Amino acid sequence: MKLLYLLRHAKSSWDDPDIDDFDRPLNRRGRETATLVADYCRDHEIQPSTIICSTAKRTRQTLQPWLSALDNVPVNFDNRVYEASWKTLYALINDLHDGHRTALLLGHNPGLQRLALQLAHPDSDNPALPRMAAKLPTGSLIVLSSTVDRWAEITPGSCEVVQFLRPADIGGADD
């Protein structure tokens, strides 16, 4: 069995229009949300054994509260996650080392949302699916499970949505 955690970066700042998109930092609400979601995950024993993170500033800042809550989890900062299509993200998941039972992918929309919708079993009556399709707010976490033994065996439609957690679900604010 494999568990995949998909985390969209927290809310970024638009205060300086001259900053390149890649270099935009989190705003105050984003920093608070990143900590809130990381604390929730720690308290609910959501613990990846490996992390793939975009190299953009806002994703690295979203990751910071997670790092203090996790014990020596390896992080792969990967340029391909920034502005990635769902197919690129899918390839990254399929290439994970099979020794990891759980993995966190921290990235951006629209690729992250499209990846989740592609991997989710299409015949599921899970109420999270239409909510995920409608909007994946910043700071949201999607937990997907698959009965496969190898990451390369995960295919579109092969995962069940275990949880769709928006910041508003735990006292934060959605965008």
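Please read these numbers as outputs of a predicted model, since none were measured by experiment.

Thresholds, definitions, all that
- Residues numbered from 1 in each chain as written.
- Predicted model: local features only at pLDDT ≥ 70, side-chain atom pairs only at ≥ 80, totals over all residues.
- Heavy atoms only, no water.
- Helix = DSSP H or I, 4+ residues; strand = E, 2+ residues; numbered from the N terminus.
- Rg over C-alpha atoms; globule rule 2.2 N^0.38 Å.
- Pairing = 2+ DSSP bridges.
- Axes fitted to C-alpha atoms, helices over the stretch in contact; angles between N-to-C directions.
- Contact = heavy atoms within 4.5 Å.
- Parallel < 35°, antiparallel > 145°, perpendicular 65-115°, else oblique.
- Left-handed = near helix turned anticlockwise from the far one by under 90°.
- Phe/Tyr/Trp six-rings, centres within 6.5 Å; stacked < 30°, edge-to-face > 60°.
- Buried < 20%, exposed > 50% of the residue type's maximum accessible area, 1.4 Å probe, protein only.
- Salt bridge = Lys/Arg side-chain N within 4 Å of Asp/Glu carboxyl O.

Each helix and strand in the protein was counted, giving five helices and six strands. For the protein, the α and β elements follow one another from N to C terminus as β-α-β-α-β-α-β-α-α-β-β. In terms of overall dimensions, the protein is globule-like: its C-alpha atoms have a radius of gyration of 15 Å, near the 16 Å expected for 175 residues. Along the three orthogonal principal directions, the C-alpha set of the protein runs to about 45 × 30 × 30 Å.

The six strands are arranged 3-2-4-1-5-6 in an open sheet whose pairing can be described as mixed. Bordering the open sheet on either side are strand 3 (75–77) and strand 6 (160–165), each of which pairs with just one other strand. In this sheet, adjacent strand axes meet at a mean angle of 15° when their direction is disregarded. Of the strand pairs in this sheet, strand 5 (residues 141–146) and strand 6 are connected by five bridges, and their pairing is antiparallel. Residue pairing across strands places L144 opposite V161, the latter belonging to strand 6. Across the face of the sheet, helix 4 (residues 111–119) comes into contact with strand 1 (2–8), strand 4 (102–107) and strand 5 while running at roughly 150° to strand 1.

As a packed pair, helix 1 (residues 28–43) and helix 2 (residues 57–69) sit with axes 8 Å apart at the nearest point and diverge in direction by 30°. The angle between the axes of helix 1 and helix 2 places the two elements in the roughly parallel class. Regarding helix 1 and helix 2, the two cross each other, and that crossing is right-handed. Residues A34, T35, V37, A38, C41 and R42 of helix 1 form the contact with helix 2, whose participating residues are T62, P65, W66 and A69.

On to the packing of aromatic side chains, then. Each pair of aromatic rings is reported with the distance of its centres and the angle of its planes. The final tally for this structure, using the stated rule, is two aromatic pairs. Taking 5.0 Å as the distance between ring centres and 90° as the angle between the ring planes, the aromatic pair formed by F22 and Y82 counts as edge-to-face. In this pair, F22 is assigned in the loop between strand 1 and helix 1 and Y82 in the loop between strand 3 and helix 3 (86–94), connecting sequence segments 60 residues apart. F22 gets classed as partly exposed once you look at its relative accessible area, which sits at 23%. Judged by centre distance (5.9 Å) and plane angle (45°), the ring pair of W86 and Y90 falls under tilted.

Should the charged atoms of two oppositely charged side chains come close, the side chains can pair. Counted under the stated rule, the structure contains eight salt bridges. Note that D21 and R58 form a salt bridge whose closest N and O atoms lie 3.1 Å from each other. Of this pair, D21 sits in the loop between strand 1 and helix 1 while R58 is found in helix 2, placing the two residues 37 residues apart along the sequence. You can call R58 buried: its relative accessible area is 4%. In this structure, D39 and R42 form a salt bridge, with 3.0 Å as the shortest nitrogen-oxygen distance. One end of the pair, D39, and the other, R42, are both in helix 1, three residues apart, so they sit about a helical turn from each other. Given a relative accessible area of 28%, D39 falls into the partly exposed group. In the salt-bridge network here, residues are joined through shared partners; they are D21, R24 and R58.

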